[in-house]
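Here is what each chain is made of, one letter per residue.
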Amino acid sequence: MRAMVLEAPGRPLVERESPEPSAGPGQVLLRVRACGVCRTDLHVVDGELPDPKLPLVPGHQVVGVTRDGRRFGVPWLGWACGECRYCTSGRENLCDFARFTGYTLDGGYAEWVVADLRFCLAVPPAYDDVRAAPLLCAGLIGYRALRLAGDGERLGLYGFGSSAHIVAQVARWQGRRVFAFTRPGDEGTQAFARQHGAVWAGGSGERPPEELDAAILFAPAGELVPVALRALAKGGAVVAAGIHMSDIPAFPYELLWGERSVRSVANLTRADGREFLELAPRVPVRAEVETLPLSQANDALARVRSGRVRGSLVLVPGS
Ligand SMILES: [Zn+2]
Ligand SMILES: [Zn+2]
């Protein structure tokens, strides 16, 4: 099969012809129909996350079908032990022994992928393969971040890419108002944010017209933590949604005072996946999707790096 392979961190992916994987006990072999590109893929490829499987096929927003025609979504959480303190308390996202698709397990930048059936998700029939792919991480980890942000009405989203444009639709449906923050001067993305329901959009350094009840940081920039804290009302939360972030600079305690909080969101549970995929068609969430052939995975990653994406990029094998 054709696959885009990471041979060493910091190097571009290489297109390889490799043997079709075979499914072990409890696993399914899926022909990949679509695989979304995530900011996390870039952290893996750049070597910002420790100890990836090597060589590695990245990609963890996979929609695939079995030979007998059953369609599944393969998300980031590819396996959890089921026995540790986290797994037995409903927090398999924090499992000490978890394995992750496209990081410690081969993922979907390929024609075929093998996945543990217990961790596959049912894809809502209302979505075609390409439009379903971004729901599997951008959507569902974004949704987990939204839940952990609390019930506040005024929601700030820092970084308006694949995840934020989905979260904004859910937040608006829940009756919240969304304030979008982009790279300074990125008027194209600010207009895109307004199209997807933001009541206000501006540069990340700007103060929003009102205090925020919560802010979700999608941009992996630690300097945004004190910036977002400064924009929060008392009792508000800053939620860091990414797996990696540059260092957070020192800031005065008064920014945290007033019961403000800062927290991260790690991975997903299968319950998150089922809950979000049940919700998405009711909103309905519509991801803006641009497709690229699998062989252009490096171009796709470069565009995510530079922010030259409106919505979500999805790789399609055989296109
Ligand atoms: Zn566990
Ligand atoms: Zn992801």
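Residues numbered from 1 in each chain as written. Chains lettered and ligands numbered in written order. Predicted model: local features only at pLDDT ≥ 70, side-chain atom pairs only at ≥ 80, totals over all residues. Heavy atoms only, no water.

Chemist: Just give me the short version of the sheet that holds strand β13 (residues 212-217), but keep the residues and values in it.
Modeler: The strand order β12-β11-β10-β13-β14-β15 describes an open sheet built from six strands, whose pairing is parallel. Across the chains shown, the open sheet's two edge strands, defined by having one partner strand only, are β12 (198-203) and β15 (261-264). Put simply, the sheet's adjacent strands are angled 20° from each other on average, direction ignored. Judged from the four bridges that link them, strand β10 (residues 154-158) and β13 form a sheet pairing that is parallel. Residue pairing across strands places L157 opposite I216, the latter belonging to β13. (Pairing = 2+ DSSP bridges. Helix = DSSP H or I, 4+ residues; strand = E, 2+ residues; numbered from the N terminus. Axes fitted to C-alpha atoms, helices over the stretch in contact; angles between N-to-C directions.)

Chemist: Can you tell me about the environment of H165, naming the residues and giving the values?
Modeler: Take H165: it is sitting in helix α4 (residues 162-173). For H165, a relative accessible area of 0% translates into the label buried. Measuring from C-alpha to C-alpha, the distance between H165 and R33 comes to 23 Å, with 132 residues separating the pair along the chain. If we skip the residues at most four places from it in the chain, H165 touches F160, F192, H196, R286, A287, E288, G311 and S312. A distance of 2.8 Å separates the side chain of H165 from the backbone oxygen of S162, its partner in a polar contact. (Buried < 20%, exposed > 50% of the residue type's maximum accessible area, 1.4 Å probe, protein only. Contact = heavy atoms within 4.5 Å. Polar contact = N/O pair within 3.5 Å; in protein donor to acceptor, adjacent residues only side chain to side chain.)

Chemist: Can you lay out the coordination of the zinc ion (ligand 1) for me, pointing to particular residues and giving the numbers?
Modeler: The textbook angles at a metal center are 109.5 degrees for a tetrahedron of four donors and 90 or 180 degrees for an octahedron of six. Every protein donor of the zinc ion (ligand 1) is accounted for by C81 (SG), C84 (SG), C87 (SG) and C95 (SG), and the metal-donor separations fall at 2.3 to 2.4 Å. For the zinc ion (ligand 1), the four donor atoms in the first shell make angles of 104 to 115° at the metal, so the coordination geometry reads as tetrahedral. Within one chain, the residues serving as donors to the zinc ion (ligand 1) are arranged as C-x2-C-x2-C-x7-C. (Donors = N, O, S within 2.8 Å, 3.2 Å for Na, K, Ca; no water. Tetrahedral: all angles 85-135°; square planar, octahedral: opposite > 155°, others 65-115°.)

Chemist: Any details on the packing of helix α3 (residues 138-148) against α4? Residues and values, ideally.
Modeler: At a minimum axis separation of 8 Å, α3 and α4 run at an interaxial angle of 55°. Relative to α4, α3 is oriented oblique. Relative to α4, the crossing made by α3 is right-handed. Across from A138, G139, G142, Y143 and L146 in α3, the residues of α4 making contact are S162, S163, I166, V167, V170 and A171. Among the residues making up the contact of α3 with α4, the classes are represented as seven nonpolar, four polar and no charged. (Parallel < 35°, antiparallel > 145°, perpendicular 65-115°, else oblique. Left-handed = near helix turned anticlockwise from the far one by under 90°. Nonpolar A, V, L, I, M, F, W, Y, C, P; charged D, E, K, R; others polar.)

Chemist: Break down the side chain of R303 for me, citing the residues and quoting the values.
Modeler: Tracing the sequence through the fold places R303 in helix α8 (residues 297-306). Excluding residues that lie within four positions of it along the chain, R303 makes contacts with E290, R308, V309 and L313.

Chemist: Give a description of the pattern of salt bridges that names residues and reports values.
Modeler: In the structure shown here, the tally under the stated rule is 20 salt bridges. In this structure, the salt-bridge partner of E92 is R270, at a minimum N-O distance of 2.8 Å. Of this pair, E92 sits in the loop between β6 (77-79) and β7 (99-100) while R270 is found in helix α7 (residues 270-279), placing the two residues 178 residues apart along the sequence. Among the residues examined, R270 registers a relative accessible area of 22% and is labelled partly exposed. One connected set of salt bridges, linked through shared partners, spans E153, R154, R177, E210 and D213. (Salt bridge = Lys/Arg side-chain N within 4 Å of Asp/Glu carboxyl O.)

Chemist: Can you lay out the environment of G318 for me, pointing to particular residues and giving the numbers?
Modeler: You can see G318 is positioned in the segment after β17 (312-316). Along the backbone, G318 and E111 are 207 residues apart, and their C-alpha atoms lie at a distance of 7.8 Å.

Chemist: Outline the packing of aromatic side chains, listing residues and values.
Modeler: Taken as a whole and assessed by the stated rule, the structure comprises nine aromatic pairs. Their ring planes at 55° and their centres at 6.2 Å tell us that Y253 and W257 sit as a pair that is tilted. For Y253, a relative accessible area of 57% translates into the label exposed. The exposure class of W257 is exposed, given its relative accessible area of 58%. One cation-aromatic arrangement involves R270 over F119; the distance from NZ or CZ to the ring centre is 3.8 Å. (Phe/Tyr/Trp six-rings, centres within 6.5 Å; stacked < 30°, edge-to-face > 60°. Lys NZ or Arg CZ within 6 Å of the ring centre and 35° of its normal.)

Chemist: Pulling in residues and values, what's your account of the coordination of the zinc ion (ligand 2)?
Modeler: Coordination sphere of the zinc ion (ligand 2), protein contribution only: C38 (SG), H60 (NE2) and C137 (SG), at 2.0 to 2.2 Å. All donor residues of the zinc ion (ligand 2) come from one chain, and their arrangement in sequence is C-x21-H-x76-C. Taken together, the residues H60 in the loop between α1 (39-45) and β4 (62-65) and C137 in the loop between α2 (129-132) and α3 connect sequence positions 77 residues apart.

Chemist: Account for the packing of α3 against α7, naming residues and giving values.
Modeler: Contact pair α3 / α7: the axes reach a minimum separation of 9 Å and the direction vectors enclose 100°. By the angle between their axes, α3 is roughly perpendicular relative to α7. Of α7, the residues touching α3 (which contributes G139, L140, Y143, R144 and R147) are D272, G273, E275, F276 and L279. Residues belonging to the contact of α3 with α7 are distributed by class as follows: four nonpolar, two polar and four charged.

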